[in-house]
Amino acid sequence: MNNRNKPSRKEIEQYLASREEEFLSKHDTGQGWDKLQRRIAGRRKARIFIRTACAAACLAAVGGIGLWMSQEKELQPLALQENIPVSVNDFPEKGESKAILFLGNGEKIRLDQTYPSTGQKDTAIFTNNRQEGILTYRETADSKPAQEYNTLVIPKGGEYQLVLSDGTQVWLNSESSLKYPVSFKGENREVELNGEALFHVTEDTASPFTVRASNMVVEGDVSKFNVAAYPQTSIKATLAEGNVKVKTPFKEIELSPNQQAILSPDNRLMTRTVDAHLYTCWTEGIYEFRNTSLEEITAQLSRWYDVDMQFKYPELKEKHFAGVIFRKEELNMAIETIQAVSNVQFVREGNVIYIDRKGRRDKNVYPTEHV
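Residues numbered from 1 in each chain as written. Predicted model: local features only at pLDDT ≥ 70, side-chain atom pairs only at ≥ 80, totals over all residues. Heavy atoms only, no water.

Q: So what exactly am I meant to see when it comes to the pattern of salt bridges here?
A: Pairing between side chains becomes possible if they bear opposite charge and their charged atoms approach one another. In this structure the tally under the stated criterion is eleven salt bridges. Notably, a salt bridge pairs E93 with R348, separated by 2.9 Å at the nearest N-O pair. Pair noted here: E93 is in the loop between β1 (66–69) and β2 (96–97) and R348 is in strand β24 (residues 344–349), with a separation of 255 residues, a long-range link. With relative accessibility at 25%, the residue R348 sits in the partly exposed group. The salt bridge partner of K328 is E159, with a shortest N-O separation of 2.7 Å. In this pair, K328 is assigned in the loop between β23 (320–326) and α6 (331–340) and E159 in strand β9 (residues 158–163), connecting sequence segments 169 residues apart. (Salt bridge = Lys/Arg side-chain N within 4 Å of Asp/Glu carboxyl O. Helix = DSSP H or I, 4+ residues; strand = E, 2+ residues; numbered from the N terminus. Buried < 20%, exposed > 50% of the residue type's maximum accessible area, 1.4 Å probe, protein only.)

Here you go:
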């Protein structure tokens, strides 16, 4: 996350090659293509489609994004749709490092280039590296007995890194906030999360580290885990390293690396085995998807690029994709690639980006129709 430079072409190609090889090794791609070919048996253009889709993915990879159509969902082949115009729009949005710091006394500080690199407010001493997007706290010798709390808020289109006074590193994603003590005291290190964050917890056997996210509590020490707790969605805690306990009002479980706890909106707690990298790679400037619905992909794109995306047809939400999106690229790159390998198009009307079936040209309906 600290490297703000655009990835080189060689780095992109090497990354995509390694991840594609891993993805293919875990999926029966032959069976998926056989299923696709049976659906279009007797039509010679099927072979053209396969080559076209592969070429589109390769070209996108060179440009900075690789996105492949998943074989596990039925999508109409692009090469069979002749004489259908592809929507051409300008989507220049990019995410950036930005945050708002709320102090315990209510003072509001925008962490941008106008704010000094080092600040001291009461017992809190912190350093703000605006270029790298890192806010760092440290303990003070004259810390007051009472705990003082700060809150770091990340707006849509932003991200920021936080180093707490005990050395724990926190990566905060777009549209998220974290309430935390400026100096940890007592037998517990506890923070409160809304949205999404990755925690790399330092060792302190006398004081376990606790993250409260709505009705879920994650507790661990010397661990690395991601918590996603956006409103009106299931809360997910994914463990990458170490061990953690996940608690709800009704149940408690322990996670091992590459396990995920899911708390549904009706408070049902479930676990599953996952590739933790898929849920932590956003801190490395990457979104990686495997058989992910377009609804989930656009939700992440909406937060990261600070745009309003709406579906014209509910069934479009269920299209599934696999691939990689580089967060430091413009929104243009992600949209162009999705359009190239599917039968959807993105159309901007005012402040809204509509996701529609490819080929619709009547733009007058966009401002008035709703999904």
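Q: Can you help me understand the environment of L294 in this one?
A: Inspection of the secondary structure puts L294 in helix α5 (residues 294–305). Distance from L294 to I338, taken between C-alpha atoms, is 9.3 Å for residues 44 residues apart in sequence. Once residues within four sequence positions are removed from consideration, L294 is found in contact with F311, L316, K317, K319, F321, I338, V344 and I355. (Contact = heavy atoms within 4.5 Å.)

Q: Would you mind showing me how to read the packing of aromatic side chains here?
A: Two aromatic rings, taken as a pair, are described by how far apart their centres are and by the angle between their planes. Tallied over the full model, the rule gives seven aromatic pairs. Residues Y137 and Y180 carry aromatic rings whose centres are separated by 5.3 Å and whose planes lie at 80° to one another, so their mutual orientation is edge-to-face. Of this pair, Y137 sits in strand β7 (residues 134–138) while Y180 sits in strand β11 (residues 176–181); the two residues are 43 residues apart in sequence, bridging distant segments of the chain. Assessed through its relative accessible area of 4%, Y137 is described here as buried. An aromatic cluster is built from F184, F199, F209 and F225, whose rings are joined through pairwise contacts. (Phe/Tyr/Trp six-rings, centres within 6.5 Å; stacked < 30°, edge-to-face > 60°.)

Q: Please clarify how the sheet that holds strand β25 (residues 352–357) should be interpreted in this entry.
A: Paired through their backbone hydrogen bonds, the strands of a sheet run either parallel or antiparallel. An order of β22-β25-β24 is seen for the three strands of this open sheet, with the pairing classed as mixed. Of all the strands in the sheet, just β22 (308–311) and β24 have a single pairing partner and so form its edges. The average angle at which neighbouring strand axes cross in this sheet is 30°, direction not considered. Both β22 and β25 contribute to a ladder of four bridges, which runs parallel. Bridge pairing in β25 links D308 to V352. Each of β22, β24 and β25 touches α6; the most contacted strand, β24, lies at about 140° to it. (Pairing = 2+ DSSP bridges. Axes fitted to C-alpha atoms, helices over the stretch in contact; angles between N-to-C directions.)

Q: Even after reading the chapter, I still don't get unusual backbone geometry, so can you show me in this structure?
A: For residues besides glycine, phi is generally negative; the peptide bonds are generally trans as well. The phi dihedral of E175 is positive, around 55°, even though this residue is not glycine. By secondary structure assignment, the location of E175 is in the loop between β10 (169–172) and β11. A positive phi is found at S214, a non-glycine position, where the angle reads about 55°. The residue S214 is located in the loop between β13 (209–213) and β14 (216–220) in this model.

Q: Explain the environment of K108 here, please?
A: Its location among the elements puts K108 in strand β4 (residues 108–110). In sequence terms K108 and T151 are 43 residues apart; their C-alpha atoms lie 9.7 Å from each other. Discounting chain neighbours no more than four positions away, the residues touching K108 are I100, L101 and F102.

Q: I would appreciate a short explanation of the layout of surface pockets in the present structure.
A: Any empty space left between atoms is shown by rolling a water-sized probe over those atoms. Approximately 1,300 Å³ is the volume attributed to the largest pocket. Contributing to the lining of the largest pocket are 44 residues, with E295, E296, A299, Q300 and R303 lying nearest its centre. Mapped by element, the contributors of at least two residues to the lining of the largest pocket are β12 (189–200), β15 (224–229), β16 (235–241), β20 (269–273), α4 (277–280), β21 (286–293), α5 and β22. Classifying every residue of the lining of the largest pocket gives 15 nonpolar, 16 polar and 13 charged. (1 Å grid on protein atoms, 1.4 Å probe; cavity = no way out; pocket = protein on both sides within 12 Å on 5 of 7 lines; lining within 4 Å. Points joined across faces, edges and corners; volume = space filled by probe spheres on them. Nonpolar A, V, L, I, M, F, W, Y, C, P; charged D, E, K, R; others polar.)

Q: Got a minute to help me understand α5 in this structure?
A: Residues three or four positions apart in an α-helix share a direction because the helix packs 3.6 residues into each turn. The first and last C-alpha atoms of α5 sit 16 Å apart over twelve residues, in line with the 16 Å expected at 1.5 Å per residue. Along α5, nine of the twelve residues are buried, which leaves the element largely enclosed by surrounding structure. Listed as buried for α5 are L294, I297, T298, Q300, L301, S302, R303, W304 and Y305. A positive phi of about 55° marks D306, the residue just after α5. (Expected span 1.5 Å × (residues − 1).)

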